[in-house]
Amino acid sequence: MLTLSLPFHEVTSQMPAPLFRLERLPLLIFFLLFATVIILYIRWAKKGESLFIRKIAGLEAIEEAVGRATEMGKPVLFVPGIQELDDMQTIAAVSILGRVARITAQYETQIIVPVNYPLVLAASQEVIEQAYKEAGHDDSVNRDAVRYVAGEQMALAAAINGIITRERPAANILMGAFFAESLLIAETGYAAGSIQIAGTAEPEQLPFFIASCDYTLMGEELYAASSYLSREPVLLGGLKGLDFMKIFLVFLIIIGTVLMTIGAGDWLRSLLMAE
Amino acid sequence: MRTTVPVVIAFISGMIMVVGFFFNPERSFLGRVEEEVLQWVTIVGGFTLLLGVVSIVRVNSKVVKQKKAGWIFNLATLISVFAMAIPSMLPVTKTSNLGSVIYSIFPESWGSLFGTGTGSIYDWLFNYLDAPMMATMFAMLAFYIASAAYRAFRARNAEATLLLVTAVLVMLWRIPMGEAFLRLFSDNIPGYINSYIMNGVNVAVQRGIIIGAALGAASMSLRIMLGIERTYMGKG
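As the structure is a prediction and not an experimental result, all values here were calculated from the model.

Undergrad: Can you help me understand the overall build of chain B in this one?
TA: A tally of helices and strands in chain B yields 8 helices and 0 strands. Along chain B, helices (α) and strands (β) appear in the sequence α-α-α-α-α-α-α-α when read from the amino end. What you see for chain B is a C-alpha radius of gyration of 28 Å, clearly larger than the 18 Å of a compact globule of 236 residues, by over 25%. Its C-alpha atoms give chain B principal-axis dimensions of about 80 × 50 × 45 Å. The contacts of chain B with a sequence gap of at least 6 include a subset with a gap of at least 24, amounting to 32%. Counting only carbon and sulfur atoms, one obtains 71% of the accessible surface of chain B, whose full area is about 14,900 Å². A gap of 16 Å separates the mean positions of the 18 positive and 11 negative side-chain charges of chain B.

This is the structure in structure tokens:
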């Protein structure tokens, strides 16, 4: 019994780690609940139930912005953020790009997509080609619409500012993860007189976009954009599920605040804490 | 087929990542698979770098060939790409891969100019051209903030006036001279700004946005995993 002669912390450190990470159990429960709610709402939507989704002004303005670019004979600039394709914001941005490309295809308007990661380049090219094909304009696809311009953050900002200054796009659509370069791009777009629609889930960059852009999608609105633009009931069902979970979380926050205020909320805090 | 295969791959990859998150990497393969998959992403990303180079060369050389407006900048871009890339890939010594071929053309003393080490062409270009240009771009942010703040903080209505007053208070609090000025009225003012504006209203709003964004990201991940959301492939 070698272990009995060792201090307790050494014994526990020699014990094999558990197979299942019990400390993450609350997250698993939350994930299962979340998945169930989303699936239930989607099934509900499939049955043809009417779903109310509030209007998002920024998304309503996309078609108007592309229309303006068409009237002026100028291109539309779409920047899908500056993160790699494994970032959810970039995936959301590429999804929105598909919708925007379909509108530019219908209006026969040039679209420019500067990117800073080759994987985003490949995905964006594929999405644009598919969008043009579905719009029945596969002969007018320009493979150079998506351009790899730089791999560095500030070099990308300089390249985008150069495109805005030289090509004067009538509409700038900035969607995805942005950081310090957000204001550099948005202010240049403002100076160029472009109509600007931005969307990001980075809270620190939102004030910059609000100050410089005509419309701004905040946080969850970015992820909801592709479903909202598609108008498909099944996708809108997913958005309603999200709303339900938000109400549930707000309810939990209120209960937690009350319990912590009266000094009886430690059990709830430890229940919801997860590593 | 073009839709089904990506949806199946997305479902399997997503489920592996979700299930792996709840298992211990020391005890099960499922726990380690998350790291493994992320390494694949890096490897695939490395291969696609060539796509980036092809894109940058094709787009810029077309502009240079057609002598479009500002073609000189495109030429500078092309020269920069190759000036940074080629010397950094050349062998540093005669014993390196292809070293015997390169050093039969160039004297061996040129070895220190190649590669990415200190004193190499790449190092010189990075430190004396690339880094200062990045810093210049970043420094310009201060001027852009000033112009954006001028527009945002104009007291056009009650809300904008409230924003203006709050911004002035926070900016004063952030600089030593401003804080000293605020303390002339009351020693508690900097503490109140910190407690009520920064850690109160500001944090509450930010957390609201973060919670919404996190739920939105999770919801979108689920929609992609279940094959409901296909817009990332340009479909639907």
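Back to the text.
Undergrad: I'm lost on the nonpolar core in this one. Help?
TA: As a rule of thumb, soluble globular proteins bury nonpolar side chains together. All names here are of chain A. Of all hydrophobic cores here, the largest spans 54 residues; its most connected members are I62, F78, I111 and M175. Looking at this core, the element that brings in the most residues is helix α4 (residues 88-107), giving 11 residues. Discounting residues that sit within four places of it in the chain, M175 has contacts with F78, V79, P80, G81, A93, I96, I197, A198, G199, L217 and L222. Counting 16 residues, the second largest nonpolar core, distinct from the first, contains L77, I160, I185 and A186.

Undergrad: Explanation requested: the domain arrangement of chain A in the structure shown.
TA: One widely used convention gives an interface's size as the accessible area the parts lose upon coming together. Residues and elements named next belong to chain A. For chain A, the assigned domains read domain 1 (57-228) and domain 2 (236-275). Between domain 1 and domain 2, the C-alpha centre-to-centre distance is 35 Å. Of the residues lining the interface, 4 residues belong to domain 1; the matching set on domain 2 comes to 4 residues. On the domain 1 side of the contact with domain 2, E220, A224 and S227 bury the most area, a combined 87% of that side's loss. Linking domain 1 with domain 2 are 1 salt bridge, by the criterion used here. A salt bridge links K246 to E220; the nearest nitrogen and oxygen atoms lie 2.5 Å apart. Counting across the interface, domain 1 meets domain 2 through 1 residue pair in polar contact (both at pLDDT 80 or more).

About the criteria used
- Residues numbered from 1 in each chain as written.
- Chains lettered and ligands numbered in written order.
- Predicted model: local features only at pLDDT ≥ 70, side-chain atom pairs only at ≥ 80, totals over all residues.
- Heavy atoms only, no water.
- Helix = DSSP H or I, 4+ residues; strand = E, 2+ residues; numbered from the N terminus.
- Rg over C-alpha atoms; globule rule 2.2 N^0.38 Å.
- Contact = heavy atoms within 4.5 Å.
- Areas by Shrake-Rupley, 256 points an atom, 1.4 Å probe, with all protein chains shown as cover.
- Lys, Arg positive; Asp, Glu negative; His and termini not counted.
- Charge placed at Lys NZ, Arg CZ, Asp CG, Glu CD.
- Core = buried A, V, L, I, M, F, W, Y, C linked by side-chain atoms within 4.5 Å.
- Buried < 20%, exposed > 50% of the residue type's maximum accessible area, 1.4 Å probe, protein only.
- Domains from an automatic or database assignment.
- Buried area = accessible area lost by both parts, 1.4 Å probe.
- Salt bridge = Lys/Arg side-chain N within 4 Å of Asp/Glu carboxyl O.
- Polar contact = N/O pair within 3.5 Å; in protein donor to acceptor, adjacent residues only side chain to side chain.

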